[in-house]
Amino acid sequence: MAALRNLIQTSCYGKIVSACGLQLKGCASEFSHAWCRNKTSGFAATTPAENTVELLGKLYPSDNYSNVTKKIISKVGKNLHNQRNHPLWLIKERVKDHFYKQYMGRFRTPLFSVYDDLPPVVTVEQNFDRLLIPQDHPSRKKGDNYYLNCTHMLRAHTSAHQWDLMHSGLDAFLLVGDVYRRDQIDCTHYPVFHQMEGVRLFSSHELFSDVRGGESFSLFEQGHRTQHKQAMHTMEAVKLVEHSLKRALTQLVVHLFGNELEIRWVDCYFPFTHPSFEMEINFQGEWMEVLGCGVMEQQLVNSAGAENRIGWAFGLGLERLAMILYGIPDIRIFWSEDERFLKQFRVPHIHQKVLFQPFSKYPPVINNISFWLPSEKYSQNDFYDLVRTIGGDVVENVSLIDEYTHPNSRLEQQVLFQRLSCTGGGNAS
């Protein structure tokens, strides 16, 4: 048993147990009830509180909002979407190529400009306030975001730059970048992923010029907000913008995957668009959401200085598109530096067909872990961050398999039983 204990303590799993302050108990197959001794904020897997957080050569004063981890900081600046012949670079270039060829300006120049190197540190105002996200909206939660402090954060979506680009006078642009969210651990979720944002604004002439009798139509009215439109938009304008949006995205998906891919539109809600939609793709027998979009909230457009225009916006996940296009089964693989992975995507042109070939020969290892929740407020993402900080990309999946609340209410404690699946994520030799 002593030998087993030493083996476990030197493994990735043992480090997680030790970091969580857990007491090893039970038999060789798994650990039975273990108690998390550490009742301090260190449970949240954040670096020890210091005066400043350094990122991209800048110092940010830390406060009680600071929760970015060293593991996440190590990912900043990697910019996988700009690494030539990386699958995320390939998918980005294919989308750019489609928009360049499909949409031409007055002088046969590309209508959409592209920005793919904006820094990921933004203000809370950029990430939330300018996008009309309410103060009490759940997307602002500390448990779901990486904050440098109470005023600065790692962007949770590329939409954080939307207002600034419109304010600079742009009316058609694509924006690509890495985004950061504290999230669950499985094959389709990772705390760092890559998005592409698209925005297009229309003047009255641009929207109605090809419509019979379009000279009599207007973009705006003094109406009422319904589930189909905003109060200041005319129904004619909204339907044309919605048609333009869905047509653009459907053409993009057909361009990438062909006509055989099954897609569907689902009504949804975003604070910065109305009406709003999600596109889902049938992937491996399940419906996977790959993008959100909608008619931009006119209040947002007006505040950016484009009061005489109406527009649409979309945001899509590059990893999810690449997983479908290239058959990559696990989102962690995108971070591999293994030559056996990278060489698969060194192709003569961006439209070359590539089917990912697995290169890990090791089967997964399953371990169970159980612990009392600390007395302070607990977020499941705290535990996920701890696992990622200690285990890195070796941990493939973490799932809750059982929970137990002590019958003595005075203890006010609960035990969680988590199952960790560990593999090389394509990185094993």
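Residues numbered from 1 in each chain as written. Predicted model: local features only at pLDDT ≥ 70, side-chain atom pairs only at ≥ 80, totals over all residues. Heavy atoms only, no water.

## Some words on the overall build of the protein chain
The criterion, for reference: Working definition: helices are DSSP H or I runs of at least four residues, strands are E runs of at least two. Numbering for both runs from the N terminus. The contact criterion used throughout is that any non-hydrogen atoms of two residues lie within 4.5 Å. For the area figures, the Shrake-Rupley method with a 1.4 Å probe applies, and any residue is considered shielded solely by the protein chains shown.
Check the secondary structure of the protein chain and you find 12 helices and 14 strands. Considering only intrachain contacts with a sequence separation of at least 6, the fraction spanning at least 24 residues in the protein chain is 64%. For the protein chain, the accessible area works out to roughly 20600 Å², and carbon and sulfur atoms hold 51% of it.

## A few points about the nonpolar core
Rules: Buried Ala, Val, Leu, Ile, Met, Phe, Trp, Tyr and Cys residues form a nonpolar core when they are joined through side-chain atoms within 4.5 Å. Any residue under 20% of the maximum accessible area for its type is buried, any over 50% is exposed, and the rest in between are partly exposed; the area is computed with a 1.4 Å probe on protein chains only.
Leu154, Phe314 and Ile328 are the most contacted members of the largest nonpolar core, which has 73 residues in total. Ranked by residues supplied to this core, first place goes to helix H8 (residues 235-257) with 10 residues. Here Ile328 is in contact with Pro87, Ala322, Met323, Ile333, Phe334, Phe341, Phe345 and Phe356, once residues within four sequence places are set aside.

## Some details on H8
In plain terms, the rule: A helix is expected to span 1.5 Å for every residue after the first.
With 23 residues, H8 should cover 33 Å at 1.5 Å per step; its first-to-last C-alpha distance of 33 Å lies within 8% of that length. Immediately downstream of H8, the backbone of Gly258 shows phi near 90°, a positive value.

## Quick word on the packing of aromatic side chains
Defined as follows: Two rings from Phe, Tyr or Trp (for Trp, the six-membered ring) form a pair when their centres sit within 6.5 Å of each other. Planes less than 30 degrees apart are called stacked, planes more than 60 degrees apart edge-to-face, and all others tilted. Both a distance and an angle decide whether a charge sits over a ring: NZ of Lys or CZ of Arg must be within 6 Å of the ring centre and within 35 degrees of the ring normal.
Within the structure shown, the criterion is met by 13 aromatic pairs. Ring geometry for Trp312 against Phe314: centres 6.0 Å apart, planes inclined by 35°, an arrangement best described as tilted. In this pair, the class of Trp312 matches that of Phe314, namely buried. One aromatic cluster in this structure is built from Phe99, Tyr103, Phe112, Trp312 and Phe314. Lying across the ring of Trp163, Arg130 places its NZ or CZ 4.1 Å from the centre.

## Examining the side chain of Ser276
Quick reminder of the rule: Pairs of N or O atoms within 3.5 Å make up the polar contacts considered here, provided that, within protein, one atom can donate a hydrogen while the other can accept it, and that residues adjacent in sequence are counted only when both atoms are side-chain atoms.
Mapping Ser276 onto the fold places it in strand E9 (residues 273-283). Looking at Ser276, its side chain comes within polar contact range of the side chain of Thr273, at 2.6 Å. Apart from the residues lying within four places of it in its own chain, the contact partners of Ser276 are Val266, Asp267, Cys268, Tyr269, Phe270, Cys293 and Gly294.

## Structural notes on the pattern of salt bridges
Working definition: two side chains of opposite charge can pair if their charged atoms are close together. Applied cut-off: The term salt bridge refers to a pairing of a side-chain nitrogen on Lys or Arg with a carboxyl oxygen on Asp or Glu at a separation within 4 Å.
Inspection of every chain in the model, using the stated rule, returns 19 salt bridges. Across the salt bridge formed by Glu242 and Lys246, the nearest N and O atoms sit 3.2 Å from each other. Within this pair, Glu242 and its partner Lys246 are both found in helix H8, separated by 4 residues, close to a single helical turn. The class of Glu242 is buried, set by a relative accessible area of 13%.

## A word on the sheet that holds strand E8 (residues 263-270)
Let me state the cut-off plainly: Strand pairing follows a simple DSSP-based rule, namely that at least 2 bridges must link the two strands. Under this scheme, a helix contributes an axis fitted over its contacting stretch, all axes are lines through C-alpha atoms, and angles between N-to-C directions fall in the 0 to 180 degree range.
An order of E3-E6-E7-E11-E10-E9-E8 is seen for the 7 strands of this open sheet, with the pairing classed as mixed. Edge positions in the open sheet fall to strand E3 (113-115) and E8, since each of these has one partner strand only. Between one strand axis and the next, the sheet turns through 25° on average, direction left out of account. The sheet contact formed by E3 and strand E6 (residues 172-180) spans 3 bridges and is parallel. The residue bridging Val114 from the neighbouring strand is Leu174, located in E6. On the sheet, H8 packs against strand E7 (192-202), E8, E9, strand E10 (286-296) and strand E11 (310-317) and is oriented at approximately 30° with respect to E11.

## Digging into the confidence of the model for the protein chain
The criterion, for reference: Think of pLDDT as the predictor's per-residue confidence, scored from 0 to 100.
On average, residues of the protein chain carry a pLDDT of 83, and 77% of them reach 70 or more. Long-range and interchain partners of residues 1-13, a stretch whose pLDDT sits below 50, account for 19 contacts in this model, where long-range means more than four residues apart. Low pLDDT, under 50, characterises residues 17-49; the stretch is placed with 77 contacts to residues that sit more than four places away or in other chains.

## Quick notes on the pairing of E11
Taken residue by residue, a regular strand's side chains alternate between the two faces of the sheet. By the criterion of burial, E11 is predominantly enclosed, with 8 of the 8 residues buried. Where burial is concerned, the two faces of E11 agree: the one with Ile310, Trp312, Phe314 and Leu316 and the one with Gly311, Ala313, Gly315 and Gly317 are both buried. In terms of strand pairing, E7 meets E11 through 8 bridges, oriented antiparallel. Within E11, the residue paired with Glu197 across the bridge is Gly315. Of the pairings in the sheet, the one linking E10 to E11 comprises 5 bridges and is antiparallel in character.

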